[in-house]
Amino acid sequence: MTAPRHFLDLDRFDPATLREMIESAKAMKRGEAPNGGSRPLAGKVLALIFEKPSTRTRVSFEVGVRQLGGEAVVLEPGGTQLGRGETVADTARVLSRYVDGVMIRTTKEEKLLELAEYASVPVINGLTDRTHPCQLMADVMTFEEHRGPIAGKTVVWCGDGNNMATTWLHAAARFDFELRLACPDALQPPAEVIDWARGEGATIVVTNDAEAAVTDADAVVTDTWVSMGDDVGDSERRYGLLRPYRVNEALIARARPEAVFMHCLPAHRGKEVTDEVMDGPRSVVWDEAENRLHAQKGILVWCMG
Ligand code: CP
Ligand code: NVA
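Definitions and limits used
- Residues numbered from 1 in each chain as written.
- Chains lettered and ligands numbered in written order.
- Predicted model: local features only at pLDDT ≥ 70, side-chain atom pairs only at ≥ 80, totals over all residues.
- Heavy atoms only, no water.
- Core = buried A, V, L, I, M, F, W, Y, C linked by side-chain atoms within 4.5 Å.
- Buried < 20%, exposed > 50% of the residue type's maximum accessible area, 1.4 Å probe, protein only.
- Helix = DSSP H or I, 4+ residues; strand = E, 2+ residues; numbered from the N terminus.
- Domains from an automatic or database assignment.
- Contact = heavy atoms within 4.5 Å.
- Near = heavy atom within 4 Å.
- Polar contact = N/O pair within 3.5 Å; in protein donor to acceptor, adjacent residues only side chain to side chain.
- Areas by Shrake-Rupley, 256 points an atom, 1.4 Å probe, with all protein chains shown as cover.
- Nonpolar A, V, L, I, M, F, W, Y, C, P; charged D, E, K, R; others polar.
- Salt bridge = Lys/Arg side-chain N within 4 Å of Asp/Glu carboxyl O.

Counting residues in hydrophobic clusters, the biggest one holds 57 residues, and the most contacted among them are Phe 7, Met 137, Trp 168 and Leu 179. Here this core takes eight residues from helix α6 (residues 163–175), the largest share from any one element. When residues of this core are assigned to domains, at least three fall in each of domain 1 (10–132 + 292–304) and domain 2 (135–288). With residues up to four places along the chain from it excluded, the contact list for Met 137 reads Phe 7, Leu 10, Leu 18, Met 21, Ile 22, Phe 175, Ala 295 and Ile 299. Within the second largest apolar cluster, 20 residues are counted, among which are Cys 158, Val 273, Val 277 and Met 278.

This part takes up the site of ligand 1. Inspection of the region around ligand 1 gives Ser 54, Thr 55, Arg 56, Thr 57, Arg 105, His 132, Gln 135, Cys 264, Leu 265 and Arg 292 as its neighbouring residues. Between Arg 56 and ligand 1, the recorded distance is 2.8 Å, taken from a side-chain N or O atom to an oxygen atom. In the environment of ligand 1, a nitrogen atom lies 2.9 Å from a nitrogen or oxygen atom belonging to the backbone of Cys 264. About the coverage of ligand 1: the protein hides 96% of its 250 Å² of free accessible area. Residue classes in the shell around ligand 1 are distributed as two nonpolar, five polar and three charged.

What follows concerns the pattern of salt bridges. Scanning the entire structure with this criterion turns up 26 salt bridges. The closest approach of N and O atoms between Glu 23 and Arg 19, which form a salt bridge, is 3.1 Å. Pair noted here: Glu 23 and Arg 19 are both in helix α1 (residues 15–29), with a separation of four residues, about one helical turn. Judged by its relative accessible area of 36%, Glu 23 is partly exposed. Taking relative accessible area as the criterion, Arg 19 reaches 27% and is therefore assigned partly exposed. One salt bridge in this structure joins Glu 62 and Arg 58, with 3.4 Å as the shortest N-O distance. With Glu 62 and Arg 58 both in helix α2 (residues 56–67) and four residues apart, the pair spans about one turn of that helix. Since its relative accessible area comes to 17%, Glu 62 is described here as buried. Residue Arg 58 is classed as partly exposed on the basis of its relative accessible area, which comes to 29%. When salt bridges that share partners are traced, they join Arg 19, Glu 23, Lys 26 and Glu 144 into one network.

Next comes the structure, spelled out in structure tokens:
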């Protein structure tokens, strides 16, 4: 039996395979049929497991699967035996007998990896505490729609060094752009991921100086200051550390005139980003949200088509 085509993290892929998925997503967005015809997932079912809330990931996967001719089954752990202690490995073995793929949004990366180890069908990472690769595929696609090839460009991550920041590090190595991380010392992405990206040849700048980082950038990206799972009662401390990294008009004015503003959403307006920037001419956040649908169709065709 051939190994299932999991989509776990960008660092596990070679650039050409990621590029293939993005180009297939762009073609489908243009209305072209993917390889395998217009309904490559006909007769197939994707299970969607959500241990954390979601709007975009849930709806874009459900709609994407349907547009590809397949169907989705949504599982909330509270309503399954997973929530009562059945192991992830046993759940993987059972689901593999019913469905053709599993997407999971989970509290712990270990659960994603356990699912992938024991499932005989493709497993897709729909966000963990550590990474969010489906979002990054949509982000690269969105940047390129507005600004052309991302290779050789400069992207600034401004704020919390969270799961999105870690995935931007993976992307910098795989898509060959400079990444500047403007984060407080206490909230930087894991040092081993920064070292990994540098070891892969990526240019990674780490600084506390948001203004210097944003100067002449091609994209400015941020995310919530309190991720799901980080809301453990120290939000005020985080806000205090992160306030200098808020993306406002004065900060983004330092970027190139044609620079874009990106945010995976949901945004906390007035915290990590001001209304002026969210709703301003540089913001591509709605295209970015839409592209979750197209990018994931590219991923689904690669994994399950
Ligand atoms: N960006 C993102 O993953 O959004 P949801 O949490 O709504 O899925
Ligand atoms: N960093 C955020 C992303 C939400 C899509 C979180 O994990 O909550």
